[in-house]
Amino acid sequence: MDTKTIKKETNTTQTTERISGSEAIIKCLLAEGVDVLYGYPGGAIMPVYDELYKYQDKIHHVLTRHEQGATHSAQGYARISGKVGVAIATSGPGATNLITGIADAQIDSTPMVCITGQVASHLLGSDAFQETDIVGISTPVTKWNCQVTKASEIPEVMAKAFYIAKSGRPGPVLVDITKDAQFEEFDFKYEKCKGVRSYIPIPKLNDSEVDAAAKLINAAKKPMIVWGQGVSLGQAEAEFKAVVEKAGIPSAWTILGAGAIPTSHPLNIGMVGMHGNYAPNVLTNQCDLLIAIGMRFDDRVTGSLSTYAKQAKVIHFEIDPAEIDKNVKTDVAVLGDAKESLAALLPLLEEKTHPEWHQKFKDLYAIEYEKVIKNDIYPTKEGLTMGEVLKEINSQTKGDAAIVTDVGQHQMIACRYANFNKTRSNITSGGLGTMGFGLPAAIGAKMAAPDREVISISGDGGYQMTIQELGTIFQQKVPVKIVVLNNEFLGMVRQWQQLFFDKRYASTEMTNPDFVAIAKGYFIEAEKVTKREDLKDAVAKMINTDGPYFLEVCVEKEGNVFPMIPTGASVSDVRLE
């Protein structure tokens, strides 16, 4: 390897190396602190894999069984750690198979860098073998993307990719690199990106807006907070807790916000949204001040916008200017990083308790407990319920586990009944609702946080969308715990068919394989539970097993998730049955 020293205009010296573009990619990853990446090799990315082979002691490559699995694993890694997840794939179908995970990361603000190989630059636009315009395809679902055709462009583009992915409101970035750029040699040097012209990741905090927010909060008689993932993305948990406790405000969360303050905190009033808790949904339309922190007023949270919190003043703490007034008109918008904004707000707040207002939440919770919760977690019927499975997992993990879910009924039950004692403990697909997310995301989460118990919870439908990632778990020896709640239906769709389509169960009943035999085929210990009296011991065995473990629990076939807000209805039109 040739090295030489060049003089910079500042009279400082910097050493460069004469290396290939593919080796430069590896060195860029190392400079950004990447120690694990998820991917699948192929012709157009083979030079990079050849270099990875030489750097096995520094970067651990995880061979997933599908490129979508690579993106979800990178997401799980990023969501639990706060670091940038990295996925890599070849051109054509390898690249297009990344798109679902990229779109999921974009809507859920997950920092991820995806690297794709591409046909040689002289073949671009010729419909060459395994050529697709992945830059064009991925443009709507990436925070930024770029195609590299010369090796000398690699360091600057990679530095910019990591900076954009993790700064401000995080998101996915894709870098597409032609095969000839991977082979080409150049004089390599790397400098981390510290800024991009015209890109302002964190808006400057406006003190007058913070003052205005504080005045509204201090004057409110019935204030309510709804917080989202922005609190944890901004590492603002301590500041948020201090604000909530000083102002004495009942606080509810979106599914991605769960865990910023523990589930058991007295001011944590539960989840909002379509299957959220009764009290925060109903009282959204009775509060006199709604304070949104790091959330985007998704339609699953707001229900009908024409009736959403119309009686209330609205304060929105948000890092992304595009979210202000996009769905809900605000009275005060505080743009900035959540940690900085809440720290500035705290000394301006008066200490309050709002006892009468809190009692309303307690009264409505009592109604929900009698009509819904008690039946979910202490059922008298013969069949096992999803709620009692979550209760048993809670009991045996003491609420310290990271719960990684797929999408469907089991997801809503997990969000409702899991105890989240730690931040970054509810890892799920929120905005895109991607079935198949859970199993590969749990792989990444466990690899990023090996000291935490990581439990993947899926339904029998979503589980089979990425079931091949059992092979990744086996090969990598990832000690993740896998729970499938099997009701032999696409449960959430079936629930809608029951309630709104006169029980016409069109294409939702599942004829399933022997899940235990499949897990054992991958040399993963496995068990199936069909009776209530066997559940406790089965969960204990799963938790106490050192390696990966698969547990299938057969639950009631036609169980429903309540409360439920029908699509397009007001948040106060909550169905409890």
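Quick look at the structure, then. The structure displayed is predicted, hence computed values, not measured ones.

## Side note on the overall build of the protein
So, step 1. Helices and strands together make up the secondary structure of the protein, namely 23 helices and 21 strands.
So, step 2. On C-alpha atoms alone, the protein measures out to a radius of gyration of 25 Å, which is about the 25 Å that the 2.2 N^0.38 rule sets for 577 residues.
So, step 3. Along the first, second and third principal axes, the C-alpha set of the protein runs to 75 × 65 × 40 Å.
So, step 4. In the protein, which comprises 577 residues, the share counted as buried stands at 59%.
So, step 5. In the protein, of all internal contacts separated by at least 6 residues, the share reaching a separation of at least 24 is 75%.

## A word on empty space enclosed by the protein
So, step 1. Enumeration according to the criterion identifies one cavity of 30 Å³ or more in this entry.
So, step 2. As for the largest cavity, its lining consists of Arg-79, Gln-229, Ser-232, Leu-233, Leu-256, Gly-257, Ala-258, Thr-423, Arg-424, Ser-425, Asn-426 and Ile-427.
So, step 3. Counting residues per element, the ones that place at least two in the lining of the largest cavity are α10 (230-233) and β17 (426-427).
So, step 4. Taken together, the residues of the lining of the largest cavity sort by class into four nonpolar, six polar and two charged.

## Observations regarding the packing of aromatic side chains
Aromatic ring pairs are reported here in terms of the distance separating the ring centres and the angle at which the planes meet.
So, step 1. Taken as a whole and judged by the stated rule, the model has 13 aromatic pairs.
So, step 2. Relative to Phe-240, the ring of Trp-227 has its centre 4.9 Å away and its plane inclined at 55°; by these criteria the two rings are tilted. Taken as a pair, Trp-227 in strand β10 (residues 223-227) and Phe-240 in helix α11 (residues 237-247) lie far apart in primary sequence, 13 residues in all. Each member of the pair, Trp-227 as well as Phe-240, is classed as buried.
So, step 3. Ring centres of Phe-297 and Tyr-308 lie 6.0 Å apart, and the angle between their planes is 75°; this geometry places the pair in the edge-to-face category. Taken together, the residues Phe-297 in the loop between β13 (289-293) and α13 (299-302) and Tyr-308 in the loop between α13 and β14 (313-318) connect sequence positions 11 residues apart.
So, step 4. Residue Phe-297 is classed as buried on the basis of its relative accessible area, which comes to 2%.
So, step 5. Three or more aromatic residues joined by ring pairs form one cluster here, namely Phe-186, Phe-188 and Tyr-190.

## Topic: the sheet that holds strand β20 (residues 525-529)
So, step 1. A sheet is described by the order of its strands in space; here six strands give the open sequence β17-β16-β18-β19-β21-β20, paired in parallel fashion. A strand with exactly one partner marks an edge of an open sheet, and here the two such strands are β17 and β20.
So, step 2. Bridge count for strand β19 (residues 481-486) against strand β21 (residues 549-554) is six bridges, and the pairing is parallel. Each residue of the ladder has a partner; that of Leu-485, found in β21, is Val-553.
So, step 3. In the packing of helix α17 (residues 409-417) onto the sheet, the strands contacted are β16 (402-405), β17, β18 (454-459) and β19, and the crossing angle to β16 comes to about 160°.

## Some remarks on the pairing of strand β3 (residues 36-39)
So, step 1. In β3, alternate side chains face the same way, and those of Val-36 and Tyr-38 on one face and Leu-37 and Gly-39 on the other are all buried.
So, step 2. Here four bridges tie β3 to strand β4 (residues 60-63), and the two strands are oriented parallel to one another. Its bridge partner lying in β4, Val-36 is registered against His-60.
So, step 3. One crossover worth recording links β3 to the parallel β4 by way of helix α2 (residues 46-54), and it is right-handed.
So, step 4. The pairing of β3 with strand β5 (residues 85-89) spans two bridges and is classified as parallel. Bridge pairing links Tyr-38 to Ala-87 in β5.

What counts and how
- Residues numbered from 1 in each chain as written.
- Predicted model: local features only at pLDDT ≥ 70, side-chain atom pairs only at ≥ 80, totals over all residues.
- Heavy atoms only, no water.
- Helix = DSSP H or I, 4+ residues; strand = E, 2+ residues; numbered from the N terminus.
- Rg over C-alpha atoms; globule rule 2.2 N^0.38 Å.
- Buried < 20%, exposed > 50% of the residue type's maximum accessible area, 1.4 Å probe, protein only.
- Contact = heavy atoms within 4.5 Å.
- 1 Å grid on protein atoms, 1.4 Å probe; cavity = no way out; pocket = protein on both sides within 12 Å on 5 of 7 lines; lining within 4 Å.
- Points joined across faces, edges and corners; volume = space filled by probe spheres on them.
- Nonpolar A, V, L, I, M, F, W, Y, C, P; charged D, E, K, R; others polar.
- Phe/Tyr/Trp six-rings, centres within 6.5 Å; stacked < 30°, edge-to-face > 60°.
- Pairing = 2+ DSSP bridges.
- Axes fitted to C-alpha atoms, helices over the stretch in contact; angles between N-to-C directions.
- Right-handed = clockwise from strand over helix to strand, strands pointing away.

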